[in-house]
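Topology and contacts: notes
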Amino acid sequence: MRITMRRVLLVVGSVVALMVTLHLGQQVLECQQVLSERRHRLMRPESEELVMMDSNHVEYRYSKEMPLIFIGGVPRSGTTLMRAMLDAHPEVRCGEETRIIPRVLAMRQAWSKSGREKMRLDEAGVTDQVLDAAMQAFILEVIAKHGEPARYLCNKDPFTLKSSVYLSRLFPNSKFLLMVRDGRASVHSMITRKVTIAGFDLNSYRDCLTKWNKAIEVMYSQCLEIGRSRCLPVYYEQLVLHPEQSMHAIMKFLDISWSDTVLHHEELIGKPGGVSLSKIERSTDQVIKPVNMEALSKWIGHIPGDVLQDMAHIAPMLARLGYDPYANPPNYGHPDPLVVNNTHRVLKGDYKTPANLKGHPQVTQNTSSSH
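Since we're looking at a predicted model, the values are computed, not measured.

Now for the overall build of the protein. Across its full length, the protein holds 15 helices and nine strands. Burial status across the protein gives 46% buried among its 371 residues. Taking all contacts inside the protein whose residues are at least 6 apart in sequence as the whole, residues at least 24 apart take part in 77%. On the protein, roughly 19600 Å² of surface is accessible, and the fraction owed to carbon and sulfur atoms is 56%.

This is the structure we're talking about:
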């Protein structure tokens, strides 16, 4: 059979075309793989580490896997005292309230609750995974960079613990300290010190106690859901009456070595590696003092009689948390000798006011959000 030149050229052309097609196909696949890997690296900020250097050129690396500490509770429940005592530890840095973290968490929660908004975000490719990665990166960045680096970092924004279940998923090795205080004392402190909190009517003990009950119920329920291995309720009264015993339990829970400095936070205010305080925060004038009983029972004799009679109905969380809603005055326990001595010193004015607090005093404005 005679093969014409035309057929030979046709066969050769087909073979060449096939080889070129295969080569181009291989090149496309390799290019797609490279682009995919690049996108994968770019779109996974949660796998990256933040690297910071302290004044001694010691390097610290932070990631979502680190054991972050979150301190929260209803405002005026001892959250500032708790973070100041931890801040006194040489390996821990908490710092002032960021104020922004609970607001961002509230926005994230609102997006999830709105079915229409969630649908729009999903259609735009802004999925829960994308949002969670962004939240991880943002929260870690704020906590790590709003103060000096340290081995352990903690955040103290009271209402942050209304999102503790969500935060426990974002940061799988994080732990939570929920400050619990007699709601009558917390509310009296809010009202007398004029601490503005969104939704709380400071002209009404009844309204504030109702809002206190709702807020602490949310936080306490989430604390129980996370479990006692990751969330520890810390009773303000016991922290004040028995600071050494309480702090030993807290440090053991956090798996941080003991240091006596946590019992003398007032001596480290404003010092390098010590406790950083701001004049802007309302609790600063109290935290500059050693641990004392001065504020423990100030509420007694100030709550209206009709509110006292309805206390169990207004604030059922009191009984759930172990407080007697009708005890007036209550029996919180007997103080340690150190606390008795500290209280005598405070009442005599025998303590130093630090000269190097941050910021400028703002006695007329201190707002928080209860979202």
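To continue, consider the layout of surface pockets. In this structure, the second largest pocket encloses a volume near 500 Å³. Glu 148, Lys 271, Pro 272, Gly 273 and Gly 274 are the residues nearest the centre of the second largest pocket, which is lined by 25 residues in total. Along the lines of polarity and charge, the residues of the lining of the second largest pocket split into eight nonpolar, 10 polar and seven charged.

Right, let's get into helix H10 (residues 243-254). Counted at 1.5 Å a residue, the expected span for H10 with its 12 residues is 16 Å, and the 16 Å between its end C-alpha atoms agrees. Residues of H10 that are buried include every one of Pro 243, Ser 246, Met 247, Ile 250, Met 251, Phe 253 and Leu 254, and no others. Buried residues in H10, looked at end-on, bunch into an arc of 155°, giving them a common side. Exposed residues lying more than 90 degrees from the buried face of H10 are Gln 245 and Lys 252. On its buried face, H10 is in contact with strand S3 (69-72), helix H2 (79-87), strand S6 (175-180), strand S8 (231-235), helix H9 (236-241) and helix H15 (337-347).

Moving on: the state of the cysteines. Scanning all chains against the criterion turns up two disulfides. In this model, Cys 94 is linked to Cys 154 through a disulfide, with the two sulfur atoms separated by 1.7 Å. Because the sign of the S-S torsion sets the handedness, a value of about 135° for the bond joining Cys 94 and Cys 154 places this disulfide among the right-handed ones. Remark: Cys 154 occurs in strand S5 (residues 152-156) and Cys 94 occurs in the loop between strand S4 (92-93) and helix H3 (100-113); sequence separation between them is 60 residues. In this pair, the class of Cys 94 matches that of Cys 154, namely buried. With its sulfur 2.0 Å from that of its partner, Cys 223 forms a disulfide with Cys 231. In this structure the cystine formed by Cys 223 and Cys 231 twists about its S-S bond by roughly -110°; its chirality is therefore left-handed.

The next point concerns the packing of aromatic side chains. Throughout the structure, instances matching the rule amount to five aromatic pairs. The interplanar angle of 15° and the centroid separation of 5.3 Å between the aromatic rings of Phe 70 and Phe 176 together place this pair among those described as stacked. In this pair, Phe 70 is assigned in strand S3 and Phe 176 in strand S6, connecting sequence segments 106 residues apart. A single burial state applies to Phe 70 and to Phe 176, both of which are buried.

Rules and cut-offs
Residues numbered from 1 in each chain as written. Predicted model: local features only at pLDDT ≥ 70, side-chain atom pairs only at ≥ 80, totals over all residues. Heavy atoms only, no water. Helix = DSSP H or I, 4+ residues; strand = E, 2+ residues; numbered from the N terminus. Buried < 20%, exposed > 50% of the residue type's maximum accessible area, 1.4 Å probe, protein only. Contact = heavy atoms within 4.5 Å. Areas by Shrake-Rupley, 256 points an atom, 1.4 Å probe, with all protein chains shown as cover. 1 Å grid on protein atoms, 1.4 Å probe; cavity = no way out; pocket = protein on both sides within 12 Å on 5 of 7 lines; lining within 4 Å. Points joined across faces, edges and corners; volume = space filled by probe spheres on them. Nonpolar A, V, L, I, M, F, W, Y, C, P; charged D, E, K, R; others polar. Expected span 1.5 Å × (residues − 1). Arc of directions from axis to C-beta. Disulfide = S-S within 2.5 Å. Phe/Tyr/Trp six-rings, centres within 6.5 Å; stacked < 30°, edge-to-face > 60°.

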